[in-house]
Structures are given as C-alpha cells and as structure tokens.
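# Tertiary structure, described
Here is how the chains run, residue by residue.
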Amino acid sequence: MSRRSQLGKKYSRNTSSKLRLQHGGGTIKAILWTALLIYGAFVAYKILPAYVAEYQLQDKMQEQAKFAVVNRYPEEQIRDSIFKVVKDLEIPVKREDIKITATQDVVRIACDYTVPVDLLVYQMNLHFTPTSENKNL
C-alpha cells in the first residue's frame, strides 16, 4: 500500500469519528435551547396577566377619578366601583386597601398590592401601586 493511501485512510477515520462526536453536541444544544424557549414562554404566560390586569385597573381608576370629580361621587361609591373591577380582574386586593380621597376639588385613588407568581423553580412577587388623581377645573 502506498504512503498516500495510508494517509487517506487515517484522515478519513479521524474525520468520521470527529463528525460523530460533533453531531451529538448539536442535538444537546438544540434540546437545551428548545427547553429554554419553552420555559421563557411559560414565564411570559405566568407574568403578563398580572401586568395586563394592573393596566386595566389603572385605566378604570383614571376613569372613575374623572367622573367622581364632575359628579361629586362620595368615597364609598368610588371604592365600590373600583373594588368591583378588582374582583372582576381577580387582583388580590381587599376593599379597605383601596385608598380614596375625595374633596370638592380633587379625587385621589390609590391601591397597593403584590401578586405572587409561581415559576416552578422560583417564587416571584410582583408589586404594583396604581394611582390616579383628577382635579376639578
């Protein structure tokens, strides 16, 4: 056998064994990236509803503050309206945690709450403090 054919066999043997080892590494990397992508989607699925609910509550608080100044709603009526929205959105707030200040000139609505989020490997607490204020012209 010539020297050239011996080198060719040796080269092809080393190349094929390296390719087999590299092939398995790519599969593991793909599985890890897929798992990470799925977990990221799961985290978004768990966290986003809390932010959407907070946005909707903030919007309702602003709306109520505007109407309350013009119509001179009493504090209890404003609190009842906000608490109904809180119940509908399934936000963990007690009725007494909704702070209302209503005078002839200003209506202030504030709320402070924390939403626990279970991410399987980590327990996260999201803290929200929506507020609204409207002044009489």
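Look up: the structure comes first, before these words.
Everything in this summary refers to the structure shown in the same document. Computed from a predicted model, the values in this text were never measured in an experiment.

The rules behind each value
- Residues numbered from 1 in each chain as written.
- Predicted model: local features only at pLDDT ≥ 70, side-chain atom pairs only at ≥ 80, totals over all residues.
- Heavy atoms only, no water.
- Pairing = 2+ DSSP bridges.
- Helix = DSSP H or I, 4+ residues; strand = E, 2+ residues; numbered from the N terminus.
- Axes fitted to C-alpha atoms, helices over the stretch in contact; angles between N-to-C directions.
- Contact = heavy atoms within 4.5 Å.
- Core = buried A, V, L, I, M, F, W, Y, C linked by side-chain atoms within 4.5 Å.
- Buried < 20%, exposed > 50% of the residue type's maximum accessible area, 1.4 Å probe, protein only.
- Expected span 1.5 Å × (residues − 1).
- Salt bridge = Lys/Arg side-chain N within 4 Å of Asp/Glu carboxyl O.

Strand order in this open sheet of three strands is β1-β2-β5, and the pairing throughout is antiparallel. Both outer strands of the open sheet, β1 (98–102) and β5 (131–135), are each paired with one neighbouring strand and no more. If you compare each strand with its neighbour and ignore which way they point, the axes differ by 5 degrees on average. Here strand β2 (residues 106–111) runs beside β5; their pairing, made up of five bridges, is antiparallel. Directly across from Val107, in β5, lies its bridge partner Asn134. On top of the sheet, helix α2 (residues 75–88) reaches β1 and β2; it is set at about 150 degrees to β1, its chief contact.

If you look at the biggest cluster of nonpolar residues, it comprises 27 residues, and the most contacted ones within it are Leu57, Ile82, Ile98, Ile109 and Tyr113. Every element with two or more residues in this core is listed here: α1 (3–71), α2, β1, β2, β3 (113–118) and β4 (123–128). Residue contributions to this core peak at nine residues, all from α1. Leu57 has contacts with Ile82, Val85, Val86, Leu89, Ile91, Tyr113 and Pro130, leaving out every residue within four places of it along the chain.

The next thing to look at is α2. Under the 1.5 Å per step criterion, the end-to-end length of α2 is 20 Å for 14 residues, consistent within 8% with the ideal 20 Å. Along α2, the residues classified as buried are Ile78, Arg79, Ser81, Ile82, Phe83, Val85 and Val86.

This part is about the pattern of salt bridges. Side chains carrying opposite charge are able to pair once their charged atoms draw close together. Evaluated as defined, the whole model comprises seven salt bridges. With a shortest N-O distance of 3.3 Å, Lys60 and Glu63 are connected by a salt bridge. In this pair, Lys60 and Glu63 both sit in helix α1, three residues apart, roughly one turn of the helix. Using a relative accessible area of 32% as the deciding quantity, one classes Glu63 as partly exposed. Notably, a salt bridge pairs Lys135 with Glu133, separated by 4.0 Å at the nearest N-O pair. Relative accessible area serves as the criterion here: at 52%, Lys135 is assigned to the exposed category. A relative accessible area of 42% places Glu133 in the partly exposed class. Members of the salt-bridge network, linked through shared partners, are Glu76, Arg79, Asp80 and Arg95.

This next bit is on the pairing of β3. Of the two faces of β3, the one holding Tyr113, Val115 and Val117 is buried and the one holding Thr114, Pro116 and Asp118 is not buried anywhere. Pairing analysis gives six bridges linking β3 to β4, with the strands arranged antiparallel. By the bridge assignment, Pro116 is partnered in β4 with Asn125. The turn linking β3 back onto β4 is made up of four residues, and Leu120 within it adopts a positive phi angle of 70 degrees.

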